[in-house]
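Residue-level listing of the chains:
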Amino acid sequence: MPEIVLKNITKRFDTFYAVDNLNLVIEDNAFVTLLGPSGCGKTTTLRMIAGLETPTSGQIIIDGVTVFDSERGINIPANKRKVGFLFQNYALWPNMTVYQNIAFGLSNITEKMPTIDFEARRTDALIRILEKPQEVKEILEECKDKDGKFDKDKAAIRLIDKYEISMRTAKILLGYRMEDADDYVAIAKVEREKLKEKLEAIRSKYQAKGRDLNENFEVVEDGFVEESVRKLTDEEIDLRVREVSRIVKIGMLMDRYPSELSGGQQQRVAIARTLAPRPKVLFMDEPLSNLDAKLRIEMRSELQRLHIDTGSTFIYVTHDQLEAMTLATKICLMNNGVLQQYDAPLNIYQRPTNLFVADFVGNPSINFIEGKGNQMEDGSIALTIFDGVKVRFVPNESLKLDEWRRKAEAEEKKRLEIEANHKPEKSNKDTIFKYHIAKINEFEDIGIDTTVTDNDFVIGIRPEFLELDNGENGEGVIDGKIYSAMPTGMETIVKVNIGNYLLTGVMFGGILYQIGQDVKLHTSGNDILLFDRKTGRLISQGSLEIVKA
């Protein structure tokens, strides 16, 4: 499977930059999700890689081949990029069976392919199958009902799935009538000998002409596989259809029409149709959005398994962060056309690069707390939060705030220079993400201009790192009250008010809380996040200690 490289890709609609200077490397066999809010540029990015949208500038390379280069005037069309598409609308032909829907695009494929002797391949497959007559007999016996009636169609599918053969080969095998024979071993032996003679005759025919068949039954002459520009044969099409139907488990649905299928089954047919041409890359644009919640969870599992079974490179567009977290090997998180973070799901969750990433990923959402303070001599940062509560942030690694600020300012200056060079000027300018501080009584501070200084910080606390107790035997040092409690069985989602502020926590286990109940709270672990309020960037991970008054 190919590596995909995007270099300085920009897509502009007049002065609106849908994708702005995107640089990305998608590794072989990756499952990458393009994640972000509506209008962030994720679908545009997918369409540009696929060839459905032409970038304004930049370069795209797939499997070492440059498919787009604005400077060199290269733009290979979508049908030449060997990619597959799976969209929200499955677009199945209602007047075609499942088999016909999957096979439809295969009949139009014309490309340089090896010359294969399918008669020899089929004969060899039958020989190998008949070497285990007991196994064949057991499969056929399983296709009889309680009255002993033999289901020929079911048996054909079972043989196809078991031995990865075509329908034509399965029918030949069924023609031996081993299901009713007591001497099925003798039948298998006789037929096997006939097939061996047939295969030897085929090989001899080629050898008489100075040619031969290799282990894949491709025609070889002078040590080279013979190739020609041709279409897929009926045998090849059938093998492809059976192969992908086996992968997505729809072998028994081949004769049905789309109207006779459930939503999940239609989804599987659409996936099979996409996989049949063996695309280098599989693109999916929110393919599960039309399914109900339960089916979406099931199909996520199927897509994850499919990625492993096919060994393909998957690029998946979604605005559902849970879908991205559960499916992806890497997440490409975008906002306003700009890449925010490209990393493994857990890295994005545990170490987000900025306030936007921290807020977008995670359910329930992260708690943001504004604080003001300074770095102490021991490297910790003394902060005042809420209405006078004193805390101390202890970074996990050595941190010198002055050096961090100089580096952050240099990077911000570089970003502004790039934006200043936009021709034309970018109308959708990038701004610092406006995070939300949860309060009981929220109101807009109209007309009040708050000046942000180097002493202003934002603390990010994931709900699972908030610890509560009842205030009698607990060790917490901040007083709060239960504002709401939502038990789900395995966990309880609580909101705690500290004065006018609200914090969300996830308490695991069957713990019951009463509205208005007094609690004390503190944080646990060393995955608390500290952000710079001025730039919105992550400064460090660490632990939070509440200083006793």
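Residues numbered from 1 in each chain as written. Predicted model: local features only at pLDDT ≥ 70, side-chain atom pairs only at ≥ 80, totals over all residues. Heavy atoms only, no water.

1. Here's the deal with helix α3 (residues 118-130)
Okay, step 1: Across its 13 residues, α3 extends 18 Å between first and last C-alpha, which sits within 8% of the 18 Å expected from 1.5 Å per residue.
Okay, step 2: Most of α3 sits inside the fold, with 10 of its 13 residues counted as buried.
Okay, step 3: By the burial criterion, the buried members of α3 are Phe118, Ala120, Arg122, Thr123, Asp124, Ala125, Leu126, Ile127, Ile129 and Leu130.
Okay, step 4: Buried residues along α3 sit in contact with α4 (133-141), α5 (152-163), α6 (167-174), α7 (184-208), β9 (211-213) and α8 (234-247).
Okay, step 5: Regarding α3, its N-cap is Asp117, as a side-chain oxygen of that residue lies 3.1 Å from the backbone nitrogen of Glu119 further along. (Helix = DSSP H or I, 4+ residues; strand = E, 2+ residues; numbered from the N terminus. Expected span 1.5 Å × (residues − 1). Buried < 20%, exposed > 50% of the residue type's maximum accessible area, 1.4 Å probe, protein only. Contact = heavy atoms within 4.5 Å. Polar contact = N/O pair within 3.5 Å; in protein donor to acceptor, adjacent residues only side chain to side chain.)

2. A short note on empty space enclosed by the protein
Okay, step 1: In this structure the tally under the stated criterion is 2 cavities of 30 Å³ or more.
Okay, step 2: In this structure, the largest cavity occupies an estimated 70 Å³ of space.
Okay, step 3: Along its surface, the largest cavity is lined by 13 residues, and Ile461, Ile478, Leu521, Thr523 and Leu544 are the ones closest to its centre.
Okay, step 4: Mapped onto the lining of the largest cavity, the elements with two or more residues apiece are β25 (518-523) and β27 (538-546).
Okay, step 5: Among the elements that make up the lining of the largest cavity, the one with the highest residue count is β25 (3 residues).
Okay, step 6: Here the residues of the lining of the largest cavity sort into 11 nonpolar, 2 polar and no charged.
Okay, step 7: Estimated volume of the second largest cavity: approximately 40 Å³. (1 Å grid on protein atoms, 1.4 Å probe; cavity = no way out; pocket = protein on both sides within 12 Å on 5 of 7 lines; lining within 4 Å. Points joined across faces, edges and corners; volume = space filled by probe spheres on them. Nonpolar A, V, L, I, M, F, W, Y, C, P; charged D, E, K, R; others polar.)

3. Some remarks on the UniProt feature "coiled-coil region" (unreviewed entry) in the protein
Okay, step 1: Under the UniProt annotation, the feature "coiled-coil region" (unreviewed entry) is placed at residues 178-216.
Okay, step 2: Secondary structure across residues 178-216 comprises 64% helix and 8% strand; the distance between its end C-alpha atoms is 28 Å. (UniProt positions renumbered as here; feature names shortened; annotations may be inferred.)

4. Observations regarding the UniProt feature "domain: ABC transporter" (unreviewed entry) in the protein
Okay, step 1: The feature "domain: ABC transporter" (unreviewed entry), as given by UniProt, occupies residues 4-361 in the numbering adopted here.
Okay, step 2: Annotated as 41% helix and 23% strand, the span residues 4-361 places its first and last C-alpha atoms 25 Å apart.

5. Re the domain arrangement of the protein
Okay, step 1: Splitting the protein by domain gives domain 1 (4-82 + 279-343), domain 2 (111-231) and domain 3 (362-548).
Okay, step 2: In this structure, domain 2 and domain 3 have C-alpha centres spaced 66 Å apart. (Domains from an automatic or database assignment.)

6. Thoughts on the packing of aromatic side chains
Okay, step 1: Counted under the stated rule, the structure contains 9 aromatic pairs.
Okay, step 2: When the ring of Trp93 is compared with that of Phe104, the centres are 5.5 Å apart and the planes differ by 55°; the resulting orientation is tilted. In this pair, Trp93 sits in the loop between β7 (83-86) and α2 (98-103) while Phe104 sits in the loop between α2 and β8 (110-114), placing the two residues 11 residues apart along the sequence.
Okay, step 3: Accessibility expressed as a relative area gives 37% for Phe104, which makes it partly exposed. (Phe/Tyr/Trp six-rings, centres within 6.5 Å; stacked < 30°, edge-to-face > 60°.)

7. Structural notes on α4
Okay, step 1: Listed as buried for α4 are Pro133, Val136, Lys137, Ile139 and Leu140. The buried residues of α4 all sit within an arc of 160° when viewed along its axis, so they share a single face.
Okay, step 2: Contacts made by the buried residues of α4 are with α3, α5, α6 and α7. (Arc of directions from axis to C-beta.)

8. Comments concerning the sheet that holds strand β4 (residues 57-62)
Consider a sheet: its strands pair through backbone hydrogen bonds, and that pairing is either parallel or antiparallel.
Okay, step 1: One open sheet holds the 5 strands; their spatial order is β2-β1-β4-β5-β6, and the pairing between them is antiparallel. For this open sheet the edge positions go to β2 (16-26) and β6 (74-75), each flanked by a neighbour on one side alone.
Okay, step 2: Relative to strand β5 (residues 65-69), β4 is paired through 4 bridges, and the arrangement is antiparallel. Bridge assignment links Ile60 to a residue of β5, and that residue is Phe68. (Pairing = 2+ DSSP bridges.)

9. Looking at the environment of Ile308
Okay, step 1: Along the polypeptide, Ile308 turns up in helix α10 (residues 293-310).
Okay, step 2: The spatial distance from the C-alpha of Ile308 to the C-alpha of Phe508 is 32 Å, given a sequence separation of 200 residues.

10. A short note on the pairing of strand β16 (residues 338-343)
It is a general feature of regular strands that their side chains alternate between the two faces of the sheet.
Okay, step 1: Of the pairings in the sheet, the one linking strand β15 (residues 330-335) to β16 comprises 5 bridges and is antiparallel in character. Within the sheet, the bridge partner assigned to Cys332 lies in β16 and is Tyr342.
Okay, step 2: From the end of β15 to the start of β16, which pair antiparallel, there are 2 residues, and Asn336 there has a positive phi angle of about 55°.

11. With respect to the environment of Tyr342
Okay, step 1: With respect to the secondary-structure elements, Tyr342 resides in strand β16.
Okay, step 2: Between the C-alpha atoms of Tyr342 and Glu403, which are 61 residues apart in sequence, the distance is 25 Å.
Okay, step 3: Residues contacting Tyr342, with those up to four places away along its chain left out, are Leu24, Val25, Ile26, Glu27, Val32, Lys330, Ile331 and Cys332.
Okay, step 4: In terms of polar contacts, Tyr342 uses its side chain to reach the backbone carbonyl oxygen of Val25, at 2.9 Å.

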